[in-house]
Amino acid sequence: MKIIELNKWIKKQKKANKMKTSMINFRDMNGWKFDETIIDNDKKKFFSIGAFKFTNHIKQTWYQPLIIQREVGILGIIKKTIKSVDYYLLQAKIEPGNINNIQLSPTVQATKSNYLRAHGGKKTKFIDYFIKKTKACKVITSLKLSEQGTRYTSKANRNILINLKKNKLKIASNFIWLSKKNLFYLIRKKNLLNMDSISVFSSSIKKNKNDNPINTFTKLKLRIKKESKILFIKSKKIPFQSLKGWKVLNNKIYDLKKIFFSIIALNVKTNSREVQSWSQPIISDHFTSINGFLLQKFDNTNHYLLQTVLEPGFEKPKFTSTISIKNFNKKHKIKDKFIKYFKNKKNILIDVVNSDEGGRFYRNETRNIVSMLKSKKGLNLTKKYIWASHNQIVDLISQNLLSIEARNLFASFNIDKIK
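Residues numbered from 1 in each chain as written. Predicted model: local features only at pLDDT ≥ 70, side-chain atom pairs only at ≥ 80, totals over all residues. Heavy atoms only, no water.

**Things to note about the pairing of strand β7 (residues 85-94)**
To keep it simple, the criterion reads: With a 1.4 Å probe rolled over the protein chains alone, any residue whose accessible area is under 20% of its type maximum counts as buried; one over 50% counts as exposed, and the rest are partly exposed. By the criteria applied, helices consist of DSSP H or I runs no shorter than four residues and strands consist of E runs no shorter than two, each listed in order from the N terminus. Being paired, for any two strands, means DSSP has found at least two bridges between them.
Taken across its 10 residues, β7 has eight buried, putting it largely inside the fold. Strand direction decides the pairing type here: strand β6 (residues 73-82) and β7, joined by five bridges, are antiparallel. Bridge pairing in β7 places Ile82 opposite Val85. Counted between consecutive antiparallel strands, the loop separating β6 from β7 contains two residues, among which Lys83 sits at a positive phi close to 50 degrees. With five bridges connecting them, β7 and strand β13 (residues 175-179) associate as antiparallel partners. Pairing of Tyr88 across the sheet is with Leu178, part of β13.

Okay, here's the thing in structure tokens:
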């Protein structure tokens, strides 16, 4: 599709898909309850939000809520190939937390509660391609991958890319087939390509034919293994009123220092979802986050500087981006020594703002940057950091050892290499 036609289609979808949201008190949410220890759905479906006290391996203690969602959702994209050109089926989907009204989401983006129709609404389109065995398509990738460990507790989604054997498929007006050229254009547009779409693409990046890593993959896994023996976070569920450093109001829960997030409640009305109205809690960041890779060539191979991290929602440590700072605020004292490498525009290879998924997160933005390091001197890396090649990043994703922030940034930078 030509870019001018794509932009016209997006503009048309924004006019056609309407959603109105309004803030309400927690106790006014229809179908939800808010008691001392949990914000929960009446049917015990979808998700809940609980309050926790955390203590880590160096006896640091902090308090924060997390989303509890044990269901493994489905993020699925259908692909077809016509005359050697690959096309991917995305949908213009409207969510209560979206900034741009509509964002281009996967063919299927649904929790188990959604596709089993716990909401009593319409059936999720194309869901059968992803939950039933069918001869009409071939599975290219299917990976169970973790979500944000600072927002969820032990949350994962199944990321699936399937190839349609027969190219004929009836689609509604809010669905569109996009080429890699279209995706390359969209990935650089602010808050337009849904993070769940990027997540699916991250699970299906091709390896390079030539890849010369300076560290073995065994060394990378050993690094995680060693960190797993050292790092730990203990959690204890507590009442919301016991969240030290947080303010609990009738319509908002937020931390006073503004380093975490707020929880608010919304009433939602729309003309383009399985149900036309509902209420729900949703998380809202205080400031834009920053997520960046330092990139350097070793032996003619791109290497990404990773760091190990254990977040409260993870069971074990993972690798993440060189810098990954939630609620990046210049007023806060940023201790990260690598932040200076992302200020020189001459070294920036990609710099784009993407927002979090709008079903759980309210207008949360992250600035995603890849910066090329010109000099090989002066980094003074601690054991927390390690270089990984392109192909090694692909393998880390396949083994669910890379955070969603890092793998989505990797996919954004390598969108032309999807299968």
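On we go from here.
**Some thoughts on unusual backbone geometry**
Within the chain, Asn101 stands out as a residue other than glycine whose phi angle is a positive 70 degrees. Within the secondary structure, Asn101 is located in the loop between β7 and β8 (102-105). You will see that Lys258, though not glycine, has its phi angle at about 55 degrees, which is positive. Along the chain, the position of Lys258 falls in the loop between β16 (252-255) and β17 (261-270). You can call Lys258 partly exposed: its relative accessible area is 39%.

**Examining the nonpolar core**
How we decide: We call a set of buried residues a nonpolar core when its members are Ala, Val, Leu, Ile, Met, Phe, Trp, Tyr or Cys and they connect through side-chain atoms within 4.5 Å of each other. In what follows, residue pairs with any heavy atoms lying within 4.5 Å of each other are defined as contacts.
Core analysis: the biggest nonpolar cluster contains 52 residues, and Leu183, Leu306 and Ile393 have the highest contact counts within it. Considering each element in turn, this core owes the most residues, five residues, to helix α8 (residues 404-413). Once you skip the residues sitting within four places of it in the chain, Leu183 turns out to touch Tyr88, Leu90, Leu178, Leu193, Phe201, Ile415 and Ile418. Among the nonpolar cores identified, the runner-up in size contains 30 residues, and Phe47, Ile67, Tyr152 and Phe240 belong to it.

**Description of helix α6 (residues 217-230)**
For the record, the criterion: Helix span is expected to be 1.5 Å times the residue number reduced by one.
Between the first and last C-alpha of α6 there are 20 Å, a value that for 14 residues agrees with the 20 Å anticipated at 1.5 Å per step. Turning to α6, the residues buried within the fold contact β20 (301-309), β21 (318-320), β25 (385-389) and α7 (390-398).

**Points about the packing of aromatic side chains**
The cut-off we apply is this: For Phe, Tyr and Trp, where Trp contributes only its six-membered ring, two rings pair if their centres lie within 6.5 Å, and the inter-plane angle classes them as stacked under 30 degrees, edge-to-face over 60, or tilted in between. Either the NZ atom of lysine or the CZ atom of arginine qualifies as a charge over a ring when it sits within 6 Å of the ring centre and within 35 degrees of the ring normal.
For the structure shown, the criterion picks out 17 aromatic pairs. Ring centres 5.6 Å apart and planes at 65 degrees place the aromatic pair Trp246 and Phe261 in the edge-to-face group. You can see Trp246 sitting in strand β15 (residues 246-248) and its partner Phe261 sitting in strand β17, a full 15 residues away along the chain. Within the aromatic cluster, the residues linked to one another by ring pairs are Phe293, Tyr304, Phe410 and Phe413. Over the ring of Phe184 we find Arg188, and its NZ or CZ is 4.0 Å from the ring centre. Between the NZ or CZ atom of Lys318 and the centre of the ring of Phe314, over which it lies, the distance is 5.4 Å.

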